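In case you want the letters, here they are:
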Amino acid sequence: MKLANPKSFHNGQAVAIFDVASVAPRALRDLVVNSCSHGGRLCGLFTLPGRPGTLDLVALIAHDSEGRLSMLKAGVAQGGRYPSLTAELPSAHALERAIWESDGLQPDGHPWLKPLRRHPALEPAGAAETGDPVGRNQGAGAAGGRDHPFFRMDGPGVHEVAVGPVHAGIIEPGHFRFQCSGETVHHLEIHLGYQHRGAEALLRDSSPARRLAVAETLAGDTSIGHGIACCRAMESLAGIEVPEQALWLRAVALELERLANHVGDLGALCNDVGYLPGASWFGRLRGEFLNAQMEICGSRFGRGLLVFGGVRFGVSPELRHDLLGRLAIARRDLDDVASVTFESPSVLGRFEHSGIVSRQAAEDIGMVGPAARASGCTRDVRCDHPLGAFVDWGLSSAVETAGDVLARARVRWVEVKRSLEFVLARLAALPDGPLVVPMPQPRPGAVVGVLVEGWRGEICHVVATGDDGQIVAYRVFDPSLHNWFGLTLAMRGTPISDFPLCNKSFNLSYAGHDL
Amino acid sequence: MNLIRARFRQGMRTMAWPDGPASLPSRFRGRPVLDQSRCIDGCRACADACPTGAVHGAPLRMDLGACLFCPACAEACPTGAIQFSSDFRLAASARQDLQLSGEAPASTDADAETRRLAVALPAATRRLFGRSLKLRQVSAGGCNGCEADLNVTGIVVFDLGRFGVQFVASPRHADGIVVTGPVTANMEQALRDTWEAVPSPRLLIAVGACALSGGPFIGSAPCGAGVPSDLHVDLFVPGCPPHPLTFLDGILRMLGRL
């Protein structure tokens, strides 16, 4: 089936809303499914305000091999129905659930339609930004909170294990419901939404200063990743180019964030298999990268570094010299720890063959980031859709094929080494020039989609302006939204005692998912 | 052999603080110092720049509980009336102690400054918890910034355990809870259930701008404004997120050990 090619553009390029091809809802489904069976990838599915009485259902698709993005829209009456994409395109499942519960559009034929973030039985009336289709209008109030319709298995010896929302460690809240026989997990349902803070509405309605503060706390361990996506989206709508030095410092900060989190994850994985030298040393080394971030901008998480139009802080020659020296020592120490960790039979024995996600499954559910690369998918925004200082890096994505905990650990380690080389090289050759340029008002009637490779994977922000230049929609797709179902698949047939290890090997964000 | 070499190279990493100095970089933003005598009449530049409404001009005031420690106000001020010092000691026992005024700059009055820091618990409570305090953490809409920097207090560098303080896996084993996040509607019940599961006497510690005021999420419909007002908070730890030292300093002061 040959279908019209939707208009394409590059990552972070603002386009006029009327340039986005408009089709019928059924054609939108067919075109998106077709595109995704020919190398396309669904980054986001969301609504924008449409003609009076309608919402535009919009799909953002990445064509990784071409380095292009495309968008398609279809008008749907408010409170109306459209043919669901999920049956043919499982990567749409969470996206359609989000649209159903917050925008009130009914995806006909969705095989797994239930709340994603809302707990209507617990939320106060009026908590939803646009109506409350799940709670009141459709009589599905019992679907929320404690009465969430969990998938259940029956049969001799089958039992259910419920964990959360409050967990045993210092972790964000979420509920895990396991269907087991004996030790073996047959199905894990992950029910989130406890962290729902109404972030998308705040991003849409807030002052610029608060917008960036909210972006930095969408997923607090990814302040730079989400912050850059927010900055790029607003800068693109305003039609400005950020100075080169600022782009370089943003890239350095993004890679420092990746280094801190990947190194921390390696330590946490060691901890979960009882390998205490790795846990202590990686844990300490994570701090070196947080401290480097703090040297540059005063915050261990990079908060306050980014401003619309550039960055707030430069790096003096003395600071650069100091950072280069400290990071070189950290590299030596990391090499030591990684070599003993990845040679340890007790570590390898626990990591190997644990929590496998096949490449096909990863493709089907649209996984992103290191977890996808550990299952053989090459996708990496820094390679496929590079922006700013990543354009001439020439990075090749770190790919493993086994799809197990070991693969997810190894991908992280390869990325640690490459990111550290990148940071050292960029810091050593930092360009001169201004750090920030003034930020004009956003142009009216435009929409922009920005992809940033955060440490967990692809962060996607979509921002649209109305005829008066006001922000009318702000949509966020954290990598966790795509990857949580990967953890479900990794647990199938796995002993329940391996859950902490598998969970840590994904280390997904609850806040980023719940928004 | 490699393991031994690595062990030797990794060395001893626990910081000298509290017996020795704590080193923080010059750009670290700790306690702000306000000086209203520098304000220009009618100027609201700081208040307009603040993302959370933590700063008020005329008279110059700042709510540390809502402050994200971004430098926006200091940057916007044309006269340097707001400056962030590198003092990481910020935790307080009473919420009003986090209301800073520009009328009497704290830096010029060492006593006033000390009074604003957390005070020790009553002697009877300290006898119970002073040398062994077990805490349960509840994230109620926290973004994982505060959570990550609470977790890090357990690593070898900060080594929370050396003070007899430990995060435990069950509220039944805990002497108190540490709350982060603005307390979302979807987490409020779970937070209350966890609190009720902690045997008395018990402590409640609120960590981070979100738990103290709602932080960046102040006024958002599915959120509260931090720890519900009917729960008594024993220690307020400001920051976004608070530096691990800010948390440790608050805990040790509360236990009367600093």
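Residues numbered from 1 in each chain as written. Chains lettered and ligands numbered in written order. Predicted model: local features only at pLDDT ≥ 70, side-chain atom pairs only at ≥ 80, totals over all residues. Heavy atoms only, no water.

(A) Quick look at the domain arrangement of chain B. Residues and elements named next belong to chain B. Here chain B is described as being made up of domain 1 (32-88 + 98-116) and domain 2 (123-254). Facing the nine residues of domain 1 at the interface are 13 residues of domain 2. When the two sides are added together, the surface that domain 1 and domain 2 hide from each other amounts to roughly 840 Å², 74% of it contributed by carbon and sulfur. Summed over the shared surface of domain 1 and domain 2, the number is zero salt bridges. The tally of links from domain 1 across to domain 2 stands at two residue pairs in polar contact (both at pLDDT 80 or more). The class makeup of the residues in the side of domain 1 that touches domain 2 is seven nonpolar, two polar and no charged. (Domains from an automatic or database assignment. Contact = heavy atoms within 4.5 Å. Buried area = accessible area lost by both parts, 1.4 Å probe. Salt bridge = Lys/Arg side-chain N within 4 Å of Asp/Glu carboxyl O. Polar contact = N/O pair within 3.5 Å; in protein donor to acceptor, adjacent residues only side chain to side chain. Nonpolar A, V, L, I, M, F, W, Y, C, P; charged D, E, K, R; others polar.)

(B) Structural detail: helix H16 (residues 499-506) of chain A. Residue and element names in this part refer to chain A. The buried fraction of H16 is high, at six of eight residues. Within H16, burial applies to Phe499, Leu501, Cys502, Asn503, Ser505 and Phe506. Downstream of H16 by a residue or two, Asn507 has a phi angle that is positive, lying close to 45 degrees. (Buried < 20%, exposed > 50% of the residue type's maximum accessible area, 1.4 Å probe, protein only. Helix = DSSP H or I, 4+ residues; strand = E, 2+ residues; numbered from the N terminus.)

(C) Just the sheet that holds strand S15 (residues 457-465) of chain A, in detail. Residues and elements named next belong to chain A. Across the sheet, which stays open at both edges, the four strands sit in the order S2-S14-S15-S16 with antiparallel pairing between neighbours. Only two strands of the sheet have a single neighbouring strand rather than two, namely strand S2 (15-16) and strand S16 (471-477). One ladder, built from eight bridges, connects strand S14 (residues 446-454) with S15; its direction is antiparallel. Along S15, the bridge assignment pairs Leu451 with Cys460. (Pairing = 2+ DSSP bridges.)

(D) View of the packing of helix H8 (residues 276-297) of chain A against helix H1 (residues 2-10) of chain B. Close contact between H8(A) and H1(B) brings their axes to 12 Å; oriented N to C, the two are set at 35 degrees. Note on packing geometry: the crossing formed by H8(A) with H1(B) is left-handed. Contacts between H8(A) and H1(B) involve A:Pro277, A:Trp281, A:Arg284 and A:Leu285 from the first element and B:Leu3, B:Ala6, B:Arg7 and B:Gln10 from the second. Split into classes, the residues belonging to the contact of H8(A) with H1(B) amount to five nonpolar, one polar and two charged. (Axes fitted to C-alpha atoms, helices over the stretch in contact; angles between N-to-C directions. Left-handed = near helix turned anticlockwise from the far one by under 90°.)

(E) Just the interface of chain A and chain B, in detail. On the side of chain B, 62 residues touch chain A, which itself brings 64 residues to the contact. Approximately 5,000 Å² of surface area, both sides summed, lies buried where chain A meets chain B, with 57% of it carried by carbon and sulfur atoms. The largest contributions to the chain A side of the interface with chain B come from A:Ile170, A:Arg197 and A:Arg284, which together make up 16% of the buried area. The interface formed by chain A and chain B holds five salt bridges in total. B:Arg5 is the partner of A:Asp336 in a salt bridge, and the nearest nitrogen-oxygen pair spans 3.2 Å.

(F) How the structure looks around the side chain of A:Ser505. Residues and elements named next belong to chain A. By secondary structure assignment, the location of Ser505 is in helix H16. Looking at Ser505, its side chain comes within polar contact range of the side chain of Arg408, at 2.8 Å. At 2.7 Å, the side chain of Ser505 forms a polar contact with the backbone oxygen of Cys502. Here Ser505 is in contact with Leu269, Val405, Arg408 and Arg412, once residues within four sequence places are set aside.

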